[in-house]
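# Commentary on secondary and tertiary structure
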Amino acid sequence: MLLEPFSSDPPSVVVVGAGAAGITSAYHLHRAGASITVLEASSRIGGRLKKDTSLTDFPLDLGGQWIGFDPSSTLNGLLGTVKMSPGVQDTLLHEVLPALRVDADKNVHLCEDSKPIGHKWVNSTWYDFFHRNMVVRLRDKIICNSVVDTIETSKRQVRILCGDKVYIADHVIVTVNMKALQEDRIRFVPSLPDKYNSALPKFHMEPALKVFLKFSYKFYPRSFYFDSNDEVGDESLYYFDDSFGEETRSNILGFFGFGRPVKRYLELCKQGEDLLIDTMLNELDEIFENLATPNYQGHVLQDWSQERFCHTGYANQIDDTKATISLFQTPIDNKLYFAGDSLPRDLQYWGYANVAADSGLLAAQRIHKLYQQRRRSPVLAPVSKNRLK
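Throughout what follows, the structure given in this document is the object of discussion. (Residues numbered from 1 in each chain as written. Predicted model: local features only at pLDDT ≥ 70, side-chain atom pairs only at ≥ 80, totals over all residues. Heavy atoms only, no water.)

### Quick look at the overall build of the protein
In terms of regular secondary structure, the protein is built from ten helices and 23 strands. Within the protein, buried positions represent 57% of all 389 residues. Carbon and sulfur atoms form 47% of the exposed surface of the protein, whose accessible area is close to 17,300 Å². (Helix = DSSP H or I, 4+ residues; strand = E, 2+ residues; numbered from the N terminus. Buried < 20%, exposed > 50% of the residue type's maximum accessible area, 1.4 Å probe, protein only. Areas by Shrake-Rupley, 256 points an atom, 1.4 Å probe, with all protein chains shown as cover.)

### Topic: the packing of helix α2 (residues 71-79) against helix α3 (residues 126-138)
Where α2 meets α3, the closest approach of the two axes is 11 Å, and the angle between their N-to-C directions is 35°. Crossing geometry of α2 relative to α3 is assigned as right-handed. Contacts between α2 and α3 involve L75, L78 and L79 from the former and W126, F129, N133 and M134 from the latter. (Axes fitted to C-alpha atoms, helices over the stretch in contact; angles between N-to-C directions. Left-handed = near helix turned anticlockwise from the far one by under 90°. Contact = heavy atoms within 4.5 Å.)

### Some points on the sheet that holds strand β9 (residues 142-143)
Strands belonging to one sheet form pairs held by backbone hydrogen bonds; the direction of such a pair is parallel or antiparallel. Strand order in this open sheet of five strands is β9-β2-β1-β13-β22, and the pairing throughout is parallel. Each of the sheet's edge strands pairs with one partner strand only, and the pair in question is β9 and β22 (336-338). As paired elements, strand β1 (residues 12-16) and strand β13 (residues 171-174) share four bridges and run parallel to each other. By the bridge assignment, V15 is partnered in β13 with I173. (Pairing = 2+ DSSP bridges.)

### Description of the pairing of β1
Summarising burial for β1: five of the five residues are buried, a large majority. The side-chain alternation of β1 yields two buried faces, one formed by S12, V14 and V16 and the other by V13 and V15. As defined by bridge partners, β1 adjoins strand β2 (residues 35-39) across five bridges and the pair is classed as parallel. Paired with V15 across the bridge in β2 is V38. Considered for its hand, the β-α-β crossover made up of β1, helix α1 (residues 20-31) and β2 is right-handed. (Right-handed = clockwise from strand over helix to strand, strands pointing away.)

The following block contains the structure:
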C-alpha cells in the first residue's frame, strides 16, 4: 500500500543513487509529501538497470532482468497498488523443458531437477518499469552528474557534500552498492560505527557480464549453463533464449556470467570485444555442431565491472548473512539509512532488481513510521526542510 501522507512538517530526504532502490524510496516518500532530492553520480538514471534497443525489435535488459515467481504481486507491491497488469511470461519453463548442463568436455546433459529462475519481461524491461511508473513523478527531483563526496550527520540534520554544493536534509538514504562503500568512495562524518565497518567485508562483491547474441537461425535450446568450479554456485555461466515469449522473428540468445567463472571472459573483453565474442562463438560451435559462427548476426554486451560509478555486479556471498543484512537495514541515529540489492527484506534472497526496490521501500517505510510516532509525541521540535546552500 502507498504510504499515508505526512500530516504536518513532512521530512526532507536526500537519496544517494538513482537505481532501483533509490528511485523506489524517493517515489514513495515524495508521494507521501516529503521533500525529496535524488543525487545520481552518473549521467543517467537507472544504476544497474539498463536497456538496449539497437540489436532487435524488442528491448533487452542489460542489467537486472528476472522478476521472480509471483510477478503481479511483486510489481504491485513495489507500486503500492493492485491495478497493474505486468505483462510478464514464464521464460524458462524448466518443468516442461529441463535446462541443459554443459560439462568441461562440452558434453550436454539434461537436468531433470533444474528449477525455474523466474519470469522475464515481454516487450519491456525493468528499466521501463521504473521510468514509466516512478521516474515520471520524480523528474525534477533527480540531479544527475552529482558525485557525493561526504555525508555529515548530526542530531538535527544531515549535510551531503557534492562537489561545491551542500544539501541539507533531515535524513539520507544511501543506495550505492556495497563495493562503493568498501572502497570508501563516500566519506562519513562521523565515521560509520565500528560494527558497520567490520561488517562491510562480509559482502563478497563479484563482477557480472551480460551478452546478447543475434543469430539467423535458432539452433540452441531454451536454456543451458556451463559447469564451473565456483564453490558457491554452479550456474554462473548461463545462456537463455531471450526471444521466448516475444512477438519477434529475431533469434536472440542471452548470456549472463557472474562471479569467478566469468573473469576469464572479462579478461578477454579487456583485450578487445571481438576477441570475447569470437571465443563465445567458438564455444557454442563446439556444443552445437558449428552452427553458431555461420549464423551470427551481431551482439550487444554490458560489462558491469567497467561501468563508471558501479564497478561490480552484485554480492556472490554474504557472511553471517542474516546478522550482516539486518545490521545495514538498521538506521544510524534515525538519520542515515542504507538500501540496495544486497539488503533484502527477508534477509536471504539478494541480488535482484525487485529486491533492491523493496529495500528502498523498506527504508522509506521506516522514515515514515518515525514521523507517525512523532505525531503521537508532539513535544518533539520540528526539523529543517531540504535546501541547497
